[in-house]
Amino acid sequence: MLNYDKTYMIREAFSNRPFRGVVENYDLAEPEISRGDKLMAETIPVKHSMGGNILYDIIWTTNAFPLIVSERVIELFKANGITGWNTYNVEIRSKKNELIDQKYFGLIITGRCGYRDYSKSSIVLDKIGIYTEPHVKGFYFKNDYWDGSDLFMCNPDENGNSTMHRFCTDKVLDLFNKEKIKNIDFENLNESTLAIALYEVPLNSKQKSEMEKLKASS
C-alpha cells in the first residue's frame, strides 16, 4: 500500500564537483528511453561536459533526461531486490573523447504510479527567490495508484502527457544512505512544493480560497 511518508522524489544534487556528461546525439537522450517507452539496442556515448573528472556512482547529464549509474549501483539493486528498473548500455568518455574504462549503465525506470493529482495538495507560502508566494505542497498521485515497484514514474495524464519525475521507496533511500551513494538527493513527497505563479497549476475552488486567504494575511 502506498505510504507518502515513505515515498521520495529523486533529485539532482546540483554540485559542480562531479563529472557531468552529455549525450551529443540528442536522439539518444530522449525521455522515452529513460521511461522505457523506447528500446535502445546500441551503446550510447556519454562524454564529459562539465564538472570535475571524478566519476561518482551517479552521473547526471546536461541533456536533463538520462540518468547514468555505476555497475556498483546495479549490483546493489540486484543484491537487495530493488524493483522497477532496467538498463541500457553506455560508455563514458573524457572531454577529449577518450574511452574511460569504468562500467556504467543508463537507468530505465519501469515502475509506474498515477499522474499528479493537484487536488490533494495543500496551499502554503514559500520562497521564489527573495519573494514569498503561494505554492502547492505535496506531490500526490491520481487515485493513489502505485504498482508496488521501488523505482517508478508517473503514467501519462488524461491528455497523454508524461513527465520525467523519478520516485523511489524508502528502501532505495536507505540503501543509498547505507552504501554512501553520492551525487543524488531525495525529497519526501509530503514536503515537495511548487510555485503556483510559475506553473499552470490547476486549483479547485477550495484551494483558490486558501490561496486568497494566504495572500491577504501575508
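The following paragraphs examine the structure supplied in this document. Just so we're clear, the structure is a prediction, and the values are computed from it rather than from any experiment.

What counts as what
- Residues numbered from 1 in each chain as written.
- Predicted model: local features only at pLDDT ≥ 70, side-chain atom pairs only at ≥ 80, totals over all residues.
- Heavy atoms only, no water.
- Helix = DSSP H or I, 4+ residues; strand = E, 2+ residues; numbered from the N terminus.
- Rg over C-alpha atoms; globule rule 2.2 N^0.38 Å.
- Buried < 20%, exposed > 50% of the residue type's maximum accessible area, 1.4 Å probe, protein only.
- Contact = heavy atoms within 4.5 Å.
- Areas by Shrake-Rupley, 256 points an atom, 1.4 Å probe, with all protein chains shown as cover.
- Lys, Arg positive; Asp, Glu negative; His and termini not counted.
- Charge placed at Lys NZ, Arg CZ, Asp CG, Glu CD.
- Core = buried A, V, L, I, M, F, W, Y, C linked by side-chain atoms within 4.5 Å.
- 1 Å grid on protein atoms, 1.4 Å probe; cavity = no way out; pocket = protein on both sides within 12 Å on 5 of 7 lines; lining within 4 Å.
- Points joined across faces, edges and corners; volume = space filled by probe spheres on them.
- Nonpolar A, V, L, I, M, F, W, Y, C, P; charged D, E, K, R; others polar.
- Pairing = 2+ DSSP bridges.
- Axes fitted to C-alpha atoms, helices over the stretch in contact; angles between N-to-C directions.
- Phe/Tyr/Trp six-rings, centres within 6.5 Å; stacked < 30°, edge-to-face > 60°.
- Arc of directions from axis to C-beta.

**Structural notes on the overall build of the protein chain**
For the protein chain, the helix and strand inventory stands at four helices and 14 strands. For a compact globule of 218 residues, the expected C-alpha radius of gyration is about 17 Å, and the protein chain comes in at 19 Å, within 12% of that figure. Counting only C-alpha atoms and orienting by the principal axes, one finds that the protein chain spans roughly 60 × 40 × 35 Å. The buried share of the protein chain, reckoned over its 218 residues, is 45%. Residue pairs at least 24 apart in sequence account for 71% of intrachain contacts in the protein chain once pairs closer than 6 positions are excluded. Here the protein chain displays about 11,800 Å² of accessible surface, and carbon together with sulfur accounts for 47% of that area. The average position of the 28 basic charges and that of the 31 acidic charges among the side chains of the protein chain differ by 3 Å.

**Some remarks on the nonpolar core**
Counting residues in each nonpolar core, the largest one holds 25 residues, and the members touching the most others are Ile-58, Phe-77, Leu-151 and Phe-176. Of all the secondary structure elements, the ones that give two or more residues to this core are strand 1 (7–11), strand 4 (58–60), strand 5 (67–70), helix 2 (71–79), strand 7 (104–109), strand 11 (151–154) and helix 3 (170–178). Judged by nonpolar contacts, the second largest core, of 16 residues, contains Val-23, Leu-55, Tyr-88 and Val-90.

**What to know about the environment of Ile-109**
Locating Ile-109 in the fold gives a position in strand 7. With 43 residues separating them along the chain, Ile-109 and Phe-152 place their C-alpha atoms 5.8 Å apart. In this structure Ile-109 touches Ser-34, Arg-35, Gly-84, Trp-85, Leu-151, Phe-152, Met-153 and Arg-166, once residues within four positions along its chain are discounted.

**What to know about empty space enclosed by the protein**
Per the stated rule, a full pass over the model turns up one cavity of 30 Å³ or more. Roughly 60 Å³ of volume is contained in the largest cavity. For the largest cavity, the full set of lining residues is Ile-10, Ile-58, Leu-67, Val-69, Val-73, Phe-77, Leu-107, Leu-151, Val-172, Phe-176 and Ile-184. Across the lining of the largest cavity, the residue classes break down as eleven nonpolar, no polar and no charged.

**Concerning the sheet that holds strand 4**
Two pairing modes exist for strands in a sheet, parallel and antiparallel, and in both the strands are linked by backbone hydrogen bonds. Within the open sheet, the six strands sit side by side as 2-3-6-7-5-4. Their pairing is mixed. Whereas interior strands pair on both sides, the edge strands pair on one side only; in this sheet they are strand 2 (20–22) and strand 4. Shown here is a sheet whose adjacent strand axes are inclined to one another by a mean of 45 degrees, direction ignored. Of the pairings in the sheet, the one linking strand 2 to strand 3 (residues 44–50) comprises three bridges and is antiparallel in character. Paired with Val-22 across the bridge in strand 3 is Lys-47. Packed on one face of the sheet, helix 2 meets strand 4, strand 5, strand 6 (85–93) and strand 7 and runs near 80 degrees to strand 5.

**Quick look at the packing of aromatic side chains**
One pass over the structure, following the stated rule, counts eleven aromatic pairs. Centre to centre, the rings of Phe-77 and Phe-176 are 6.1 Å apart; their planes meet at 15 degrees, and the pair counts as stacked. Here Phe-77, found in helix 2, pairs with Phe-176, found in helix 3; they are 99 residues apart in sequence, far enough to count as distant. An identical accessibility class is assigned to Phe-77 and Phe-176; each is buried. Relative to Phe-141, the ring of Phe-139 has its centre 6.0 Å away and its plane inclined at 65 degrees; by these criteria the two rings are edge-to-face. Each of the two residues, Phe-139 as well as Phe-141, counts as buried.

**Some points on helix 2**
Taken residue by residue, helix 2 has Val-73, Ile-74, Leu-76 and Phe-77 as its buried positions. Buried residues of helix 2, viewed axially, fall in a sector of 160 degrees; they line one side. Seen from the buried face of helix 2, the exposed residues on the opposite side, beyond 90 degrees, are Lys-78 and Ala-79. Once helix 2 finishes, Gly-81 follows within two positions and takes phi at roughly 65 degrees, a positive value.

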